[in-house]
Amino acid sequence: MSHPIRPARPDDLNALAQMWSAFMREQAQIDARATPSKDADERGRTTLRDAIGSRSAVVLVAEASGKPVGFVAGHTSAPSPVYEGSVEAQLTELYVVPEHRRGGLAGRLMDAAVDWARERGLSRVRFDVLAANTPSRAVWDGRGIEPISVTYAVELEAPSDESNRVPMGFQV
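Since we're looking at a predicted model, the values are computed, not measured.

Q: Could you give an account of the packing of aromatic side chains, with specific residues and numbers?
A: This model, assessed by the stated rule, comprises 2 aromatic pairs. With centroids separated by 5.1 Å and ring planes inclined at 65 degrees, the aromatic side chains of Phe127 and Trp140 adopt a geometry described as edge-to-face. Of this pair, Phe127 sits in strand β5 (residues 125–127) while Trp140 sits in helix α4 (residues 134–142), and the two are 13 residues apart along the sequence. A residue is classified by how much of its surface remains accessible, and Phe127, at 22% relative accessible area, is partly exposed. A residue is classified by how much of its surface remains accessible, and Trp140, at 6% relative accessible area, is buried.

Shown next, in the form of structure tokens:
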């Protein structure tokens, strides 16, 4: 089956939001630490809505029989000022509905996002994958894409005394 890939349009928003929600639920099944917040669906929909048609963001859709069955989303990003570098693309989501997987569509979406970045003169394309998401990591490893950083986490128990909790943000 052919899966054309094209830029997302405003009339794709409902389908994109449904796929984004499915993506988040699948992430939580892979690793409970990726459990979405109560307002995640609303935030995801807003982010996708704002990204469609933006010059500094990309949302590409893969279709089957005229309906979206996968997408990739991301935005331009500058590296930390402590590193040399130029503007790059940060992909935030890549999702293909289960019935259209295992046919190379995720790779084609990634290629299309890389083309988007290349056309804009960006220096690199970054994306994060859950360490426990073995199938996704295998796609990228199989394409010769190498990680440039690895994040480790130490899980801590929440303090029993809420007054001892440190506020969000950097404070001196």
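Q: Please give an account of helix α1 (residues 13–30) that cites residues and values.
A: Its 18 residues give α1 an end-to-end C-alpha distance of 25 Å, which sits within 8% of 26 Å, the value for a rise of 1.5 Å per residue. For α1, the complete set of buried residues consists of Leu13, Leu16, Ala17, Met19, Trp20, Ser21, Ala22, Phe23, Met24, Gln27 and Ala28. Close packing links the buried residues of α1 with α2 (40–51), β2 (57–64), β3 (67–77) and β4 (88–96).

Q: Can you lay out the nonpolar core for me, pointing to particular residues and giving the numbers?
A: Soluble globular proteins tend to bury their nonpolar side chains together. One finds Leu16, Leu48, Val59, Phe71 and Tyr95 to be the most contacted residues of the largest nonpolar core, which totals 37 residues. Setting aside residues up to four positions removed in sequence, Tyr95 forms contacts with Met19, Ala22, Phe23, Glu26, Val69, Gly70, Phe71, Arg101 and Leu109.

Q: Run through unusual backbone geometry, naming residues and quoting values.
A: The phi dihedral of Ser65 is positive, around 50 degrees, even though this residue is not glycine. Looking at where Ser65 falls in the secondary structure, it is placed in the loop between β2 and β3. Residue Ser65 is classed as exposed on the basis of its relative accessible area, which comes to 68%. Phi is positive for Arg102, which is not a glycine, with a value near 70 degrees. Note on placement: Arg102 falls in the loop between β4 and α3 (105–119). Judged by relative accessible area, which is 86%, Arg102 ranks as exposed.

Q: Provide a residue-level description of the pattern of salt bridges, including the pertinent values.
A: What the rule picks out here adds up to 13 salt bridges. Glu155 serves as the salt-bridge partner of Arg33, at 3.2 Å between the closest nitrogen and oxygen. One end of the pair, Arg33, is in the loop between α1 and α2; the other, Glu155, is in the segment after α4, and 122 residues separate them in sequence. For the pair shown, Arg33 and Glu155 are each scored as exposed. Where Arg120 meets Glu119, a salt bridge forms, and the shortest distance between an N and an O atom there is 3.7 Å. The exposed category is assigned to Glu119, whose relative accessible area is 65%. Among the ionic contacts, a cluster of salt bridges with common partners joins Arg6, Asp12 and Glu63.

Q: Explain the sheet that holds strand β1 (residues 5–7) residue by residue, including any values.
A: Ordered by their spatial adjacency, 5 strands build an open sheet running β1-β2-β3-β4-β5, and the pairing between neighbours is mixed. Sheet topology places β1 and β5 at the edges, where each strand pairs with a single neighbour. Across this sheet, the average inter-strand angle for adjacent strands is 30 degrees, counted without regard to direction. Pairing geometry for β2 and β3, over 8 bridges, is antiparallel. The residue of β3 that forms the bridge with Ala57 is His75. Contacting β2, β3 and β4, α1 runs over the sheet at an angle of about 85 degrees to β4. Packing against the sheet, α3 makes contact with β1, β2, β3, β4 and β5, and its axis sits at approximately 155 degrees to β4.

What counts, and where the lines are drawn
- Along each chain, residues carry numbers from 1 onward, in the same order as the chain's sequence is written.
- In view of the model being predicted, local features appear only for residues whose pLDDT reaches at least 70, and side-chain atom pairs are presented and counted only at 80 or more, with totals across whole chains, interfaces and linings using the full set of residues.
- Side-chain numbers here rest on the full set of heavy atoms in the structure, without hydrogens or water.
- A pair of aromatic rings is counted whenever rings of Phe, Tyr or Trp (Trp by its six-membered ring) have centres within 6.5 Å, and the orientation is called stacked for planes under 30 degrees apart, edge-to-face for over 60 and tilted otherwise.
- Secondary structure elements are defined from DSSP: runs of H or I of at least 4 residues count as helices, runs of E of at least 2 residues count as strands, and each element is numbered from the N terminus.
- In this scheme, a residue with accessible area under 20% of its type's maximum is buried, one over 50% is exposed, and one in between is partly exposed, where area comes from a 1.4 Å probe on protein chains only.
- By this rule, a helix spans an expected 1.5 Å times one less than how many residues it contains.
- Any two residues having at least one pair of non-hydrogen atoms within 4.5 Å are treated as being in contact.
- Residues enter a nonpolar core if they are buried and are Ala, Val, Leu, Ile, Met, Phe, Trp, Tyr or Cys, with the set joined through side-chain atoms within 4.5 Å.
- Just to be clear on terms, a salt bridge is a Lys or Arg side-chain nitrogen sitting within 4 Å of an Asp or Glu carboxyl oxygen.
- We call two strands paired when DSSP finds no fewer than two bridges between them.
- Angles shown run from 0 to 180 degrees and are taken between the N-to-C directions of axes, each axis being a line fitted to C-alpha atoms and, for helices, limited to the stretch in contact.

Keep in mind these numbers describe shape, not what the thing actually does.
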